[in-house]
Amino acid sequence: MRYFFHIAYHGTHYNGWQKHPGMHSVQEVLESALGRLLKKQVAIIGCGRTDAKVHAGQFFFHTDLDDDWDFDLFFRLNKILQDDIAIFDIIPMQGLPHARFDAIQRSYDYYIHTYKDPFLSQFSSLYAEKDLDLEKMKAAVALLPVYTDYRAFCKCPDKIDHTLCYISSAGLYASADGSRLRFNISANRFLSKMIRIIVGRLLEIGRGDMSVDEFQHYLANGETPQVIIPAYPQGLYLSKVTYPYLDIPAITSYSGRLNNAADVDWLAV
């Protein structure tokens, strides 16, 4: 039987989702925990890959398990996992649906705060920028759904088959006092460090180091910049994953803390 696991994780203490030798990853921790409980080696496949220190408010992985278990796997798994990984659902699936290849849309949020705050440092990226030009940043964001080739916003475009991404929506939001920003984007797929590269360019535009026309030039021509500096990882969240057969609302509390906290009234720029 194939099972989908609906989870979330706080990525600060992990070298990303993907398992690599000698690195502490979310995948490694979950495979180890499942193997410990089921007393056999378990391999899992995630819905995507997140970079080191990047978070997931919603994430799915699948695995194939031959035998039924005679205990509460949901309870025990949550019990032995660290507090920064949570299991929300274990869903038996018909056939062989794929957690990565079957996803039709992923949504990400990127959070920025412009003042030093010890309570935001692991959940949002600090850019001590004053007087960012939000209108120009907004104009650049509006261009994103217009284009489909994101070669200029990929860390390693020559290592993949193609760089086409279909952006269904993109938006920029600010707190009432302008001290905090949120960038939201949804697409059928994303490239290596694509969102962090986009945010880095948006900050350049906000500072006046790049024009909106230059930004559009990269989108239109696919020219790979000589220097690519992605934005910091800790502000990035995979916030929603949608399948043709599975569409579950994200239930993590981070969205309440960051999107709808009492001290933040997010306004569309």
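In the block above lies the structure referred to throughout.
Anyway, here's the lowdown on the structure attached to this text.

Thresholds, definitions, all that
Sequence order as written defines residue numbering, which begins from 1 separately in each chain. For a predicted model such as this one, the threshold for reporting local features is a pLDDT of at least 70, and the threshold for listing and counting side-chain atom pairs is 80 or more; totals across whole chains, interfaces and linings nevertheless cover every residue. Each side-chain value is worked out from all heavy atoms of the structure, with water and hydrogens disregarded. Numbering of helices and strands runs from the N terminus, with a helix taken as a DSSP run of H or I at least four residues long and a strand as a DSSP run of E at least two residues long. Multiplying 1.5 Å by the helix residue count minus one yields the expected span of that helix. Per-residue accessibility, obtained with a 1.4 Å probe over protein chains only, is compared with the maximum for each type, and a residue is labelled buried under 20%, exposed over 50%, and partly exposed between these values. In what follows, a contact means two residues having at least one pair of non-hydrogen atoms within 4.5 Å. Any pair of nitrogen or oxygen atoms within 3.5 Å is treated as a polar contact; in protein, a donor-acceptor pairing is required on top of that, and neighbouring residues in sequence qualify only through side-chain atoms on both sides. Cysteine sulfur atoms that come within 2.5 Å of each other are treated as a disulfide pair. Any carboxyl oxygen of Asp or Glu within 4 Å of a side-chain nitrogen of Lys or Arg constitutes a salt bridge here. Stacked, tilted and edge-to-face are the three classes applied to pairs of Phe, Tyr and Trp rings, where Trp contributes its six-membered ring and a pair requires centres within 6.5 Å; stacked means planes under 30 degrees apart, edge-to-face means over 60, and tilted covers the rest. Definition used: whenever NZ (Lys) or CZ (Arg) falls within 6 Å of the ring centre and also within 35 degrees of the ring normal, the charge is taken to sit over that ring. At least two bridges found by DSSP between two strands are what make those strands a pair. Note that the arc is computed from the directions linking the helix axis to the C-beta atoms.

1. Considering helix H1 (residues 26-38)
Here H1 is 13 residues long and its end C-alpha atoms lie 18 Å apart, about the 18 Å a rise of 1.5 Å per residue gives. Of all the 13 residues making up H1, 10 are buried; the element is thus mostly covered by neighbouring parts of the structure. Those residues of H1 not exposed but buried are Val26, Gln27, Val29, Leu30, Glu31, Ala33, Leu34, Gly35, Leu37 and Leu38. Close packing links the buried residues of H1 with strand S1 (2-9), strand S3 (55-64), helix H2 (73-80) and strand S4 (85-93). A side-chain oxygen of the first residue of H1 lies 3.1 Å from the backbone nitrogen of Glu28; this N-cap is Ser25. Following H1 by one or two positions, Lys39 adopts a phi angle in the positive range, close to 60°.

2. Quick word on the state of the cysteines
Taken as a whole and assessed by the stated rule, the structure comprises zero disulfides. Free of any disulfide, Cys47 has its nearest neighbouring cysteine sulfur in Cys165, separated by 16 Å. Of the residues examined, Cys47 reaches a relative accessible area of 0% and is grouped as buried. Overall, Cys165 belongs to the buried group, its relative accessible area being 0%.

3. Focus on unusual backbone geometry
Phi at Lys39 takes a positive value of approximately 60°, unusual for a residue other than glycine. Mapped onto the secondary structure, Lys39 falls in the loop between H1 and strand S2 (45-46). For Lys53, which is not glycine, the phi torsion reads 75° and is therefore positive. Tracing the sequence through the fold places Lys53 in the loop between S2 and S3.

4. Some words on the pattern of salt bridges
Taken as a whole and judged by the stated rule, the model has 10 salt bridges. When the shortest N-O distance is used, the salt bridge between Arg182 and Asp109 registers 3.1 Å. With a gap of 73 residues between them, Arg182 in strand S8 (residues 180-187) and Asp109 in strand S5 (residues 105-113) connect regions that are remote in the sequence. The exposure classification of Arg182 matches that of Asp109, with both residues buried. In the salt-bridge network here, residues are joined through shared partners; they are Asp51, Lys193 and Arg196.

5. Here's the deal with the packing of aromatic side chains
For the structure on display, the rule yields 15 aromatic pairs. Measuring from centroid to centroid gives 5.2 Å for Tyr3 and Trp69, while their planes differ by 50°, and the two rings are tilted. A residue pair is termed long-range when its members are at least 10 positions apart, and Tyr3 in strand S1 and Trp69 in the loop between S3 and H2 qualify at 66 residues. A residue is classified by how much of its surface remains accessible, and Trp69, at 22% relative accessible area, is partly exposed. A centroid spacing of 6.2 Å and a plane angle of 75° characterise the contact between Phe4 and Tyr245, whose relative ring orientation is edge-to-face. Residue Phe4 is found in strand S1, and its partner Tyr245 is found in the loop between strand S9 (236-242) and helix H6 (254-258); the two are separated by 241 residues along the sequence. Here Tyr245 falls in the partly exposed class, since its relative accessible area comes to 36%. A network of ring pairs unites the aromatic residues Phe5, Tyr9, Trp17, Phe59 and Phe61 as a single cluster. Its end group placed over the ring of Tyr173, Arg182 keeps NZ or CZ at 4.5 Å from the ring centre.

6. A few points about the pairing of S1
Of all eight residues in S1, eight are buried; the element is thus mostly enclosed. Residue alternation in S1 divides its side chains into two sets, Arg2, Phe4, His6 and Ala8 and Tyr3, Phe5, Ile7 and Tyr9, and both sets are buried. For S1 and S4, the ladder comprises eight bridges, and the chain directions are antiparallel. By the bridge assignment, Phe5 is partnered in S4 with Ile90.

7. Here's the deal with the environment of Ala231
Of note, Ala231 is situated in the loop between helix H5 (212-221) and S9. Taking relative accessible area as the criterion, Ala231 reaches 1% and is therefore assigned buried. Sequence-wise, Ala231 and Gly200 are 31 residues apart; in three dimensions their C-alpha atoms are separated by 4.8 Å. Dropping the residues within four chain positions of it, Ala231 is found in contact with Tyr110, Tyr127, Arg196, Ile197, Val199 and Gly200.

8. Description of H5
Given 3.6 residues per helical turn, the α-helix brings residues three or four places apart onto the same face. Listed as buried for H5 are Val212, Phe215, Tyr218 and Leu219. Axial view of H5: buried residues confined to an arc of 120°, hence all on one face. Turned more than 90 degrees from where H5 packs its buried face, Asp213 and Asn221 sit exposed. Looking at the buried residues of H5, the elements they touch are helix H3 (134-143) and helix H4 (194-207).

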